[in-house]
Amino acid sequence: MMRQTKEQILTVAKEFDDAIETRNHEQILPFFAKDCVIELLDVTLQGWDGAKRWLEWMFSHLTAIRFDPVVIMVDGDTFFEEFIVTGTLKDGRQVISKQAEVLIYEDLKVKHLRIYFDRLDFAGAVATGWFNRTVINRLKKASTKGLI
């Protein structure tokens, strides 16, 4: 295993985000180790097949995607980023979601990726019909009861 510097990880992480914004599968996949693990929404995906499935899922919902970093930290082989995702849905509507990710790098490849976000950010954007939107809005309101 090669030694990775903080600067190298920061560079590769930025290139990875840029590649995702281009939506080019062939450009994105080489950023992953062949035995990578991706975790999100209580789902674990493994290897390049899992990475492909994640990309297909993400791009099936978003026709455009932009990342705006909020906080970036590197500690050893671990990259942490809090960021804002602005995505464009197939019907042209935009969804904005504050997210966080933890990437573990090995030989400058993503060995493990964990993504954290509130699925209600997307549910509200993709919900169709009055009833579905009402249910989602009630869930959001109930989840903050006592906080505000």
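Our structure is the block above this text.
Structural notes, computed from the coordinates. Here the residue numbering is sequential within each chain, running from 1 through the sequence in written order. Predicted model: local features are reported for residues with pLDDT of at least 70 only, side-chain atom pairs are reported and counted for 80 or more only, and whole-chain, interface and lining totals are derived from all residues. Each side-chain value is worked out from all heavy atoms of the structure, with water and hydrogens disregarded.

**Overview of the overall build of the chain**
So the rule is basically this: By definition, any uninterrupted DSSP run of H or I lasting at least four residues is a helix, any uninterrupted run of E lasting at least two residues is a strand, and each is numbered from the N terminus. Burial classes follow relative accessibility: with a 1.4 Å probe on protein chains only, a residue under 20% of its type's maximum area counts as buried, one over 50% as exposed, and anything between as partly exposed. In what follows, a contact means two residues having at least one pair of non-hydrogen atoms within 4.5 Å. Computed with a 1.4 Å probe, the accessible areas rest on the Shrake-Rupley method; for each residue, only the protein chains presented here act as cover.
Across its full length, the chain carries 5 helices and 6 strands. When the elements of the chain are put in sequence order from the N terminus, they spell out α-α-β-β-α-β-β-β-β-α-α. Projected onto its principal axes, the C-alpha coordinates of the chain cover approximately 55 × 35 × 25 Å. Burial analysis of the chain (148 residues in total) assigns 38% to the buried set. For the chain, the proportion of contacts with a sequence separation of at least 24, taken over those separated by at least 6, is 45%. Carbon and sulfur atoms provide 56% of the accessible area of the chain, an area that totals close to 8900 Å².

**Remarks on the side chain of Ser97**
Considering the arrangement of structural elements, one finds Ser97 in strand S5 (residues 94-106). Owing to a relative accessible area of 0%, Ser97 belongs among the buried residues under this scheme. Those residues within four positions of Ser97 in sequence are excluded, and the remaining contacts are Phe83, Ile84, Val85, Phe117, Asp121 and Phe122.

**What to know about the pattern of salt bridges**
Operational definition: Any Lys or Arg side-chain nitrogen located within 4 Å of an Asp or Glu carboxyl oxygen qualifies as a salt bridge.
Counting across every chain of the model gives 7 salt bridges. A salt bridge links Lys14 to Asp18; the nearest nitrogen and oxygen atoms lie 2.7 Å apart. Of this pair, Lys14 and Asp18 both sit in helix H1 (residues 6-22), 4 residues apart, roughly one helical turn. For Asp91, the salt bridge goes to Arg93, with nearest N and O atoms at 2.6 Å. Here the salt bridges do not stand alone but share partners, grouping Asp35, Glu106 and Lys111 into one network.

**Observations regarding the packing of aromatic side chains**
Stated precisely, the cut-off is as follows: The rule is short: rings of Phe, Tyr and Trp, with Trp giving its six-membered ring, pair when the centres are within 6.5 Å, and they are stacked under 30 degrees, edge-to-face over 60, tilted in between.
In total, this model carries 4 aromatic pairs according to the counting rule given. Note on Phe16 and Phe31: the rings are 5.6 Å apart at their centroids and 55° apart in plane angle, and the pair reads as tilted. Taken together, the residues Phe16 in helix H1 and Phe31 in the loop between helix H2 (25-28) and strand S1 (32-40) connect sequence positions 15 residues apart. Residue classification places Phe16 among the buried positions, given a relative accessible area of 2%. A ring pair is formed by Phe67 and Phe83, whose centres lie 5.5 Å apart and whose planes are at 85°; its orientation type is edge-to-face. Of this pair, Phe67 sits in strand S3 (residues 62-75) while Phe83 sits in strand S4 (residues 78-89), and the two are 16 residues apart along the sequence. Exposure class is identical for Phe67 and Phe83. Each is buried. Ring-pair connections join several aromatic residues into one group, and the members of that group are Phe16, Phe31, Phe32 and Trp54.

**With respect to helix H3 (residues 47-61)**
Quick note on the threshold: One less than the number of residues in a helix, times 1.5 Å, gives the span that helix is expected to have. Here, the arc refers to the directions that run from the helix axis to the C-beta atoms.
Its 15 residues place the ends of H3 22 Å apart at the C-alpha level, agreeing with the 21 Å of an ideal helix rising 1.5 Å per residue. Those residues of H3 that fall on the buried side of the exposure criterion are Gly47, Gly50, Ala51, Trp54, Leu55, Met58 and Phe59. The arc enclosing the buried residues of H3, seen along the axis, measures out at 160°, which places them on a common side. Packing partners of the buried residues in H3 comprise H1, H2, S1, strand S2 (43-46), S3 and strand S6 (109-116).

**Quick look at the pairing of S2**
Short version of the rule: Pairing between strands is defined by DSSP: at least two bridges between them are needed.
Where S1 lies against S2, 4 bridges are found, and the strand directions are antiparallel. In the strand pairing of S2, Ile38 is matched with Leu45. Where S1 folds back on S2, the antiparallel hairpin that results is connected by 2 residues, among which Leu41 adopts a positive phi of roughly 50°.

Any functional reading would require information beyond the geometric quantities listed.
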